[in-house]
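# Survey of secondary and tertiary structure
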Amino acid sequence: MFSSLLPSIIAFSIAALMIVIAGSRLARWADMLADRTGLGEALFGVLLLAGITSLPDFAATLSAAIDARPDLAMSNIMGSMAVNLVFLGVADIVYRKANLEHAAASPVNLILAALLIVLLTLPLLAIFTPAVSQWRVHPVTPVIVVAYLFGLYLIHRTRAKPMWFPRLTRQTVADEPGHHSDDPSAMVWFGFIAMAVVTGVAGWILMEAAKGIADHAGLSETVVGGLFTALATSTPELVTTIAAIRIGALTLAVSNIFGTNCFNMLVVASADVGYAHGSIYHDMAPVQMTWGLVSILMTAILLLGLVRRETYGIGRIGFESALILGVYVIALSVVVLGT
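Note that this is a predicted model, so its numbers are computed, not measured. (Residues numbered from 1 in each chain as written. Predicted model: local features only at pLDDT ≥ 70, side-chain atom pairs only at ≥ 80, totals over all residues. Heavy atoms only, no water.)

In this section: the side chain of Thr158. One can find Thr158 in helix α7 (residues 140-160). Owing to a relative accessible area of 15%, Thr158 belongs among the buried residues under this scheme. (Helix = DSSP H or I, 4+ residues; strand = E, 2+ residues; numbered from the N terminus. Buried < 20%, exposed > 50% of the residue type's maximum accessible area, 1.4 Å probe, protein only.)

Here's what the structure looks like:
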């Protein structure tokens, strides 16, 4: 789309600014609508906000799959999920009152973390199964979709009739309706949808600009997908998560990241559907699934942190945040040096 380096850099900068502005407003209106609809921050983050912030990932991954670039498609979406989990560590650093996983205790977030681990294992298992496909789709792909929908059912049941309750402390910020402006709900919905459109368009421009910059720099598809476009397309998640923390919607911030990664597994399924040469899981280089394994490890670490609920840690962040940041740095070094 961008034929030279300078237009790519300019487009990247403008799109990033648009995402910062739109993402901040998106988080505020999402918090308001979570209360007004009665869904709560966690469920609203999973059902709506996560899908919106995943639009750039969806566009980048499906576009690469249709263009018969399986390495770029899968490294982008798997790299994005790892980056999103890193953003939770960054968010923990931003929130200085206590460990974020302690303050945002929620049974829904526990279910989301466990669901994400289950979903991430499915494409990894597909690699070790025969390269069969039905209507050019691997049998694991519909399983991913069914597992995601069943996970949503579990999330709904968990929120309606929780069997586990977090211990309330002075640092716990419960998911309770807050005081908002008296703007009509129709106006709030209009603002939310408008910012969602801006975020989606800006995210797509950001992704195209990032690919242009990477192509002119002569980087491999593994590095482009796993690092450059992954960071670019995940920008909406970072902005909305930090914005949610700043307005005190901590449960929304955490569920947005976990919910986005769960939704991204539908993007993986769509990539297999869009790939016209059989099973995309078997046509990509094995190194692309490194990010999937890293994401499972990071999610499991965060799940430990959600259960342990350390109040304060080194530098006032939890052990889980420090660990996932370290894991990501090591994984990134291994992937870059390996390519």
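On to the side chain of Asp272. In this fold, Asp272 is placed in helix α11 (residues 250-274). Buried and unpaired, Asp272 has no salt bridge, with Arg136 as the nearest side chain of opposite charge at 9.1 Å. A polar atom in the side chain of Asp272 sits 3.1 Å from the backbone nitrogen of Ile280. Leaving out residues up to four positions away in the same chain, Asp272 has contacts with Arg136, Val137, His138, Thr141, Gly278, Ser279, Ile280 and Tyr281. (Lys, Arg positive; Asp, Glu negative; His and termini not counted. Salt bridge = Lys/Arg side-chain N within 4 Å of Asp/Glu carboxyl O. Polar contact = N/O pair within 3.5 Å; in protein donor to acceptor, adjacent residues only side chain to side chain. Contact = heavy atoms within 4.5 Å.)

Attention now goes to the environment of Pro107. With respect to the helices, strands and loops of the structure, Pro107 is situated in helix α6 (residues 107-127). Those residues in contact with Pro107 that sit more than four places away from it in its chain are Thr158, Pro162, Trp164 and Pro166.

This next bit is on the packing of α7 against α11. With their axes 9 Å apart at the nearest point, α7 and α11 run at an angle of 155° to one another. Regarding the angle of α7 to α11, the classification is roughly antiparallel. Between α7 and α11 lies a crossing of left-handed hand. Counting all contacts with α7, which are made through Thr141, Ile144, Val145 and Tyr148, the residues of α11 involved are Cys262, Phe263, Met265, Leu266, Val268, Ala269, Asp272 and Val273. Classifying every residue of the contact of α7 with α11 gives 10 nonpolar, one polar and one charged. (Axes fitted to C-alpha atoms, helices over the stretch in contact; angles between N-to-C directions. Parallel < 35°, antiparallel > 145°, perpendicular 65-115°, else oblique. Left-handed = near helix turned anticlockwise from the far one by under 90°. Nonpolar A, V, L, I, M, F, W, Y, C, P; charged D, E, K, R; others polar.)

Using the criterion set out here, one finds four aromatic pairs in the structure. Ring centres of Trp189 and Phe192 lie 6.0 Å apart, and the angle between their planes is 90°; this geometry places the pair in the edge-to-face category. Linking Trp189 with Phe192, this pair stays in helix α8 (residues 185-217), spanning three residues, or about one helical turn. (Phe/Tyr/Trp six-rings, centres within 6.5 Å; stacked < 30°, edge-to-face > 60°.)

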